[in-house]
Amino acid sequence: MYYRFILAGAIFLQLSACKAPDSPGTAEEFSEGKKEWIEGKDYTILERVRIRDEQGFGQPVTAYSLLVPKGWKTEGGITWRVGHTCMQEVVNNRVHFTSGDGAISIDFFPTRSWEWNDDPTMLQAMQNNAASGFKRCDYQQPLDAGDYLRNVFLHEIGDPEVVSLKTNETLQPLMEAQARKGTELLRAAGVQAVSYRPTAVIADLRYPDGSLGKALCSVNQVISSFPNYLTGGYSAGYQCSSEQRILVRGSKEKMAEAEKILSTMLSSLRINPEWQAAVQQTFSNIAKVEQRENAKRAEITRQANEDISRMRMETWESTQQSQDRIMEESGRVLRGVEQWTDPATGDKLELTAGYNEAWSKSDGTYILSNDPLFDPNVVFQEDWKKLGKPN
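**Student:** Please explain the nonpolar core as it appears in this structure.
**Tutor:** Soluble globular proteins tend to bury their nonpolar side chains together. With 31 residues, the main nonpolar core has Tyr-64, Leu-66, Phe-97, Ile-106, Phe-108, Leu-262 and Met-265 as its most contacted residues. Of all elements in the fold, only strand S1 (43-53), strand S2 (61-69), strand S3 (73-80), strand S4 (91-98), strand S5 (104-108), strand S11 (233-250), helix H5 (255-268) and helix H6 (273-294) reach the threshold of two or more residues within this core. Here the element with the most residues in this core is H5; it accounts for six residues. Tyr-148, Val-152, Ala-203 and Tyr-207 belong to the second-largest nonpolar core, a separate cluster that totals 25 residues.

**Student:** Explanation requested: the confidence of the model for the chain in the structure shown.
**Tutor:** In regions of low pLDDT, the predicted coordinates are not meant to be interpreted in detail. In the predicted model, the chain carries a mean pLDDT of 80, and 77% of its residues have values of at least 70. Low confidence marks residues 297-302, where pLDDT is under 50. Its contacts with residues over four positions away, or in another chain, come to 13 contacts. In this model, residues 307-324 is a region of pLDDT below 50 whose contacts with residues beyond four sequence positions or in other chains number 52 contacts.

**Student:** Teacher, can you tell me more about the pattern of salt bridges here?
**Tutor:** Note that side chains of opposite charge can pair when their charged atoms are close. Inspection of the entire model under this criterion finds 16 salt bridges. For the salt bridge of Lys-386 with Glu-357, the shortest nitrogen-to-oxygen distance reads 2.9 Å. Taken together, the positions of Lys-386 in strand S17 (residues 385-386) and Glu-357 in strand S15 (residues 357-360) put the pair 29 residues apart, joining distant regions of the chain. By relative accessible area, which is 14% here, Glu-357 ends up buried. Glu-382 serves as the salt-bridge partner of Lys-361, at 3.4 Å between the closest nitrogen and oxygen. Taken together, the positions of Lys-361 in the loop between S15 and strand S16 (366-369) and Glu-382 in the loop between helix H9 (376-379) and S17 put the pair 21 residues apart, joining distant regions of the chain.

**Student:** Before we go on, may I ask you to explain the packing of aromatic side chains in this structure?
**Tutor:** Two numbers describe a pair of aromatic rings. These are the distance of the centres and the angle of the planes. This structure, assessed with the given rule, holds eight aromatic pairs. The interplanar angle of 10° and the centroid separation of 4.8 Å between the aromatic rings of Tyr-43 and Phe-374 together place this pair among those described as stacked. One end of the pair, Tyr-43, is in strand S1; the other, Phe-374, is in the loop between S16 and H9, with 331 residues separating them in the sequence. Taking the relative accessible area as the measure of exposure, Phe-374 reaches 2% and is therefore buried.

**Student:** For this particular structure, what's the right way to read the environment of Asn-220?
**Tutor:** You can see Asn-220 is positioned in strand S10 (residues 212-228). Along the sequence, Asn-220 and Ser-113 sit 107 residues apart, while their C-alpha atoms lie 9.5 Å from each other. In contact with Asn-220, not counting residues within four places along its chain, are Met-175, Tyr-196, Arg-197, Pro-198, Gln-239, Cys-240 and Ser-241.

**Student:** Before we go on, may I ask you to explain the state of the cysteines in this structure?
**Tutor:** Covalent bonding between the sulfur atoms of two cysteines defines a disulfide. A complete count under the given rule lists one disulfide for this structure. Here Cys-86 connects covalently by a disulfide to Cys-137, the sulfurs 2.0 Å from one another. On the sign convention where negative is left-handed, the bridge of Cys-86 and Cys-137, at about 80° about the S-S bond, is right-handed. Taken together, the positions of Cys-86 in the loop between S3 and S4 and Cys-137 in the loop between helix H2 (120-134) and strand S7 (138-139) put the pair 51 residues apart, joining distant regions of the chain. Given the relative accessible area of 1%, Cys-86 is considered buried. In this structure Cys-240 is not part of a disulfide, and its nearest cysteine sulfur, from Cys-137, lies 9.9 Å away.

Rules and cut-offs
Residues numbered from 1 in each chain as written. Predicted model: local features only at pLDDT ≥ 70, side-chain atom pairs only at ≥ 80, totals over all residues. Heavy atoms only, no water. Core = buried A, V, L, I, M, F, W, Y, C linked by side-chain atoms within 4.5 Å. Buried < 20%, exposed > 50% of the residue type's maximum accessible area, 1.4 Å probe, protein only. Helix = DSSP H or I, 4+ residues; strand = E, 2+ residues; numbered from the N terminus. pLDDT = per-residue confidence, 0-100. Contact = heavy atoms within 4.5 Å. Salt bridge = Lys/Arg side-chain N within 4 Å of Asp/Glu carboxyl O. Phe/Tyr/Trp six-rings, centres within 6.5 Å; stacked < 30°, edge-to-face > 60°. Disulfide = S-S within 2.5 Å.

Right under this line is the structure:
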């Protein structure tokens, strides 16, 4: 489902540390109260932003939350495509983040899914079913992540020039590990002849206005083989989905900072388990309805579609079980975050890299600084708890 866009977070980047303050305060300035602390220079505030589902379950509910620099603007959220026949696109996650000065933007795009069959007769039957009201997802030939980015995703993000395109060597193994686990579950459930083909890429982009971008894209192909009684051989049905569709954009001078911020956002992202369980139940109900509809079709089509429906649910469930681990890996491989520890509880968390001092407040806000004399307890007269770095 859409929230596997979160596995999207794994990027193989080397990011530089944040620049230290130009002129940290002296002990005399601090003790005499002369030091004027400047946000964005002496310290950075990260606030937890909650992305909401305003319509899915009768009343607004937080779907997930993540850390965003204070002063950033957040637009969008979770919407439901009521009546949409492609199950993987029903929950629509579209969020746009913009820095206070407008120099950096980060976009999360919703999952897109499509189907194909390599037998012309079967493909025609699928298209005829669509014309009769049985359409599920769009029909398009299978694409790996690189081809999908070039032929589809680029058009959605303004057709920038692709400066470089490479395999995401960190995310792809994570996807492959999930695919192996999904295969094991399917075999245990009696579903045979199903294979996975996950791919993930990172693209460096250049826009006509001189700004730069970095796109993250993944595609998972689920291939279901079944007998073709018309030819005496086998046909393959493809269920493809692009769940990682993320764009970060900024000027040449801002891109390193932008990538660090994206790293922090992904590493700090937390899904609301109650919302997640409600979505899972909804999709389970949809799958059952879909299976009943499939039973009305011809035997060969029915069997193939039931396998795909069951495969979707089993894969979704296995994905959710490892979601937290993947999110932790996301920030680390981005190399834009560092690990901190709450000395009182021993809890660990990851925040933007390149800072020597960090504090947390009970409302989920964090402050980072490189000035050893800065203390938010004194500056703001509030209750902040200092964090430490693991030994």
